[in-house]
Number of protein chains: 2
Amino acid sequence: MCANKKSSAYEPLNENGAIALAKKLQLFEENSQLTCNEIGDGNLNLVFKVKNIESGESIIIKQALPYAKVVGESWPLTLDRSRIETNALLKQAEFVPQYVPRVFYSDEALAITIMEDLSHLQIARAALIEGNDLPLLSQHIGEFLAKTLFYTSDYGLNQHYKKTLVKQFINPDLCKITEDLVFTDPFFNHNTNDYEQELQQDVEKIWEDQTLKLETAKLKQLFLTKAEALVHGDLHTGSIFADENETKVIDPEFAYFGPIGFDVGQVFANLLFNVLARNPEHQGVIYNHIETTWDVFVTEFSNAWNKDALEIFAKVDGYLEHVLTEIFEEAVGFAGCEIIRRTIGLAHVADLDTIEPFERRIATKQVALSLGSELIKNRKSITSPQQFKEYVKQTAVSVN
Amino acid sequence: MCANKKSSAYEPLNENGAIALAKKLQLFEENSQLTCNEIGDGNLNLVFKVKNIESGESIIIKQALPYAKVVGESWPLTLDRSRIETNALLKQAEFVPQYVPRVFYSDEALAITIMEDLSHLQIARAALIEGNDLPLLSQHIGEFLAKTLFYTSDYGLNQHYKKTLVKQFINPDLCKITEDLVFTDPFFNHNTNDYEQELQQDVEKIWEDQTLKLETAKLKQLFLTKAEALVHGDLHTGSIFADENETKVIDPEFAYFGPIGFDVGQVFANLLFNVLARNPEHQGVIYNHIETTWDVFVTEFSNAWNKDALEIFAKVDGYLEHVLTEIFEEAVGFAGCEIIRRTIGLAHVADLDTIEPFERRIATKQVALSLGSELIKNRKSITSPQQFKEYVKQTAVSVN
């Protein structure tokens, strides 16, 4: 790994540097009065918001750091992820410009991407936790998934050109994070795992479940080998900005050519966390989001297929149905992996971690672990998003 | 495609140039008397044999041509295949040096690979057609397959490094040839197809068989997306030099990261051509080769897995068995595609084309087409190489 090798031109910006860069690039009118704040959560990237005091216009300058601050400077992280993020945003904008931030400028050596400021929107996870139900979220995400994935797959893209894109998006360092934290560590007694001691028995059940491990191995192998489409690679509700009218998918630094079901499954899983965290009477709207995500995905993917498929076999009876069935099955399995890893692995979700009181939080996490296992093991017999509801119900009964 | 863009340094060698190059590189002792013959079949490459008249020592200088002569200079073909071939030979030699020609030198700009001369051996296809049964062929090929494929897969190779190899072996031009000629054209009325008019009815049956086309679409998608291991990509019996002691696999210019079953299936299919071409009393030895190829593959792959697997899930009960089952199933399907395309597509095999008299040739090709279709459609229920025999028998009965 050359992950921590800084390129010679690289140095981290500060707020004055960010303003100077914005001026040099003439991103604001001449003689604008600019202010700048670093607003990142600071784990992986610097995020500068540069604003014209008079007009209120603003932009975001995002710069990758050569390490992950979450564990100090000792976890090096390739700056190449900035190139991946910029190129993924530009590629996605070819198909769904309405759902991604506009990119104004990028610099590979400095690991900088300058883009549209989206701070008028809210992170979808936070909105959903607050009970703001984001009525268009699933409509938009279903379309985002269908179009970005279809048009970068061998079904909808020139197959020769697709291979040059596969090469461009080889992303070993970021994929390794997913391979370890999503598909491996939570299934073994590994020191990156992080969970309440009250879950110890449930966690050990996972570690001892040979069927679960076999099915997880198969899903990990799909993640490692199935170069189906340019996936976002980290499409949880924390990677989505939204309000009641608008939805923007951000942070595709994990993008690479992987299984379509991976993105779909992460959306399912992160909506399911929100379901689990809610009181039963408020769950319906999130179940509806899950169903709408899939329904819109199917409709938009099928439309694109019928209109724009380049693969000559696309016209063969049953092929589209087969592809959709396989995507759903894999999405269910990937959702199961995401649910387990966000409950006991290194990176948690606020939906579960903010549940009060503590006893309810633990009980909900027990349901999550059991649900995740069931989704992984039974993914072949789960064929519609409506079944998630039954599975959650059954699991809750069996755990409590 | 920039396939026909000659790099500025490139020019084709002639025989004097080949001798001069060998001298410059000091590949022979000083003052050796060298002769040179161009011995290629001349379709895609120049092949010079340079020989020391006194000692008899010789080497091969292989140079890629920027076009395929088979259809005149109008079919451009990337010189990059020379880089792929050299790198594949070097990679394979890390695991099975005994089964690949030694590489002495390569030059990317000139698209040249200089390697061991294997002309003391015979092309396996020709040997088998002559009735020379090459007793160690399947033992060696089974081991070649197991080791080259296991140790370049995510099971046996560092998964981070594997991704850099995937990038190095992105091979769009040569993959496109396979995608078109193996997985597409023979299943549609395409002008690259080439078959006797007596087969018209059988060919139309293929074009009209929607189930067959759906299953072929799935196999093509695996070829397009499943980056499982560094496959040879063109492992027919014409890519194997052998005698009764030695086996060498040559010409890996189609190498890329694809499904393990693709290489295995091409071996199966090309042995099956030889079976079909033989009188029944001489078929047993070739059926044995098919079974031995698979048995040795399973044994060697399993040994490597148990000894050297880097994937932590490799120890999970049932995972190795699952992987082997999937490889076999896919190999059966890929074998079916190879059988159909070699019978009615652009590139034929001598095993079938030299069958006399004409009526028997046609009848055998009818069996081949039916067998190929059955293997594709029934690949999930064919679980051992012993079943090939039944399928050939049944197909022969149903066709005649």
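Residues numbered from 1 in each chain as written. Chains lettered and ligands numbered in written order. Predicted model: local features only at pLDDT ≥ 70, side-chain atom pairs only at ≥ 80, totals over all residues. Heavy atoms only, no water.

Under the annotation held in an unreviewed UniProt entry, chain A carries the name Methylthioribose kinase and is attributed to Metabacillus halosaccharovorans. Regarding chain A, the UniProt comment filed under Catalytic activity (unreviewed entry) reads as follows: "5-(methylsulfanyl)-D-ribose + ATP = 5-(methylsulfanyl)-alpha-D-ribose 1-phosphate + ADP + H(+)". The record held by UniProt for chain A lists under Sequence similarities (unreviewed entry) the comment "Belongs to the methylthioribose kinase family." (UniProt positions renumbered as here; feature names shortened; annotations may be inferred.)

Draft legend 1. Summary view of the UniProt feature "binding site: substrate" (unreviewed entry) in chain A. All names here are of chain A. Following the UniProt record, the feature "binding site: substrate" (unreviewed entry) maps to Asp234 and Arg341 here. Look at the named residues: they lie 108 residues apart in sequence, but the longest C-alpha span between them is just 13.2 Å, so in the fold they bunch up. Mapped onto the elements of the fold, Asp234 is located in the loop between strand S10 (229-231) and strand S11 (240-242). If near-sequence neighbours (up to four positions away) are discounted, Asp234 is found in contact with Ser239, Phe254, Gln266, Arg341 and Arg342. Take Arg341: it is sitting in helix H11 (residues 319-344). Arg341 gets classed as buried once you look at its relative accessible area, which sits at 7%. When neighbours within four sequence positions are excluded, Arg341 is seen to be in contact with Leu181, Val182, Pro186, Asp234, Gln266, Leu346 and Ala347. (Helix = DSSP H or I, 4+ residues; strand = E, 2+ residues; numbered from the N terminus. Contact = heavy atoms within 4.5 Å. Buried < 20%, exposed > 50% of the residue type's maximum accessible area, 1.4 Å probe, protein only.)

Draft legend 2. View of the domain arrangement of chain A. Residues and elements named next belong to chain A. For chain A, the domain assignment lists domain 1 (8-116) and domain 2 (122-399). Put simply, the middle of domain 1 and the middle of domain 2, counted by C-alpha atoms, are 27 Å apart. Between domain 1 and domain 2, the residue contacts involve 23 residues of the former and 28 residues of the latter. Between domain 1 and domain 2, a total of about 2,200 Å² is buried, with carbon and sulfur atoms accounting for 65% of that surface. Here Lys62 ties to Asp251 by a salt bridge, and the two come within 2.6 Å at their closest N and O atoms. Between the two partners, domain 1 and domain 2, sit eight residue pairs in polar contact (both at pLDDT 80 or more). Considered class by class, the residues forming the side of domain 1 that touches domain 2 number 12 nonpolar, five polar and six charged. (Domains from an automatic or database assignment. Buried area = accessible area lost by both parts, 1.4 Å probe. Salt bridge = Lys/Arg side-chain N within 4 Å of Asp/Glu carboxyl O. Polar contact = N/O pair within 3.5 Å; in protein donor to acceptor, adjacent residues only side chain to side chain. Nonpolar A, V, L, I, M, F, W, Y, C, P; charged D, E, K, R; others polar.)

Draft legend 3. Structural detail: helix H4 (residues 137-150) of chain B. Residues and elements named next belong to chain B. The end-to-end C-alpha distance of H4, which contains 14 residues, comes to 20 Å, matching closely the 20 Å that a straight helix rising 1.5 Å per residue would cover. Most of H4 sits inside the fold, with 12 of its 14 residues counted as buried. Listing the buried residues of H4 in full gives Leu137, Ser138, His140, Ile141, Gly142, Glu143, Phe144, Leu145, Ala146, Thr148, Leu149 and Phe150. (Expected span 1.5 Å × (residues − 1).)

Draft legend 4. Summary view of the sheet that holds S11(A). Residues and elements named next belong to chain A. If you trace the three strands from one edge of the open sheet to the other, you get S9-S11-S12, paired in antiparallel fashion. Only two strands of the sheet have a single neighbouring strand rather than two, namely strand S9 (122-123) and strand S12 (247-249). Across the sheet, helix H4 (residues 137-150) lies against S11 and S12, angled at about 40° from S12, the strand it touches most. (Pairing = 2+ DSSP bridges. Axes fitted to C-alpha atoms, helices over the stretch in contact; angles between N-to-C directions.)

Draft legend 5. Focus on the relation of the copies chain B and chain A. For these two chains of identical sequence, chain B goes onto chain A by a turn of 180° and a shift of 0.0 Å along the axis, with RMSD 0.0 Å. Overall, the copies show the geometry of a two-fold rotation axis. (Least-squares fit on C-alpha atoms with pLDDT ≥ 70 in both.)

Draft legend 6. Layout of the interface of chain B and chain A. Listed by partner, the interface residues are 39 residues for chain B and 39 residues for chain A. A buried area of about 3,600 Å², summed over both sides, lies between chain B and chain A, and 69% of it is on carbon and sulfur atoms. The largest share of the area that chain B buries against chain A comes from B:His160, B:Lys163 and B:Phe313, three residues that together contribute 19% of it. The interface formed by chain B and chain A holds four salt bridges in total. Salt-bridge contacts for B:Lys163 lead to A:Glu179; the nearest nitrogen and oxygen are separated by 2.9 Å. At the boundary of chain B and chain A, one finds 12 residue pairs in polar contact (both at pLDDT 80 or more). Put simply, the parts of the chain that give the side of chain B that touches chain A at least two residues each are helix H5 (159-168), helix H6 (172-181), helix H8 (210-225) and helix H11 (319-344) of chain B. Examining the composition of the side of chain B that touches chain A, we find that 10 residues originate from one element, H8(B), more than from any other.

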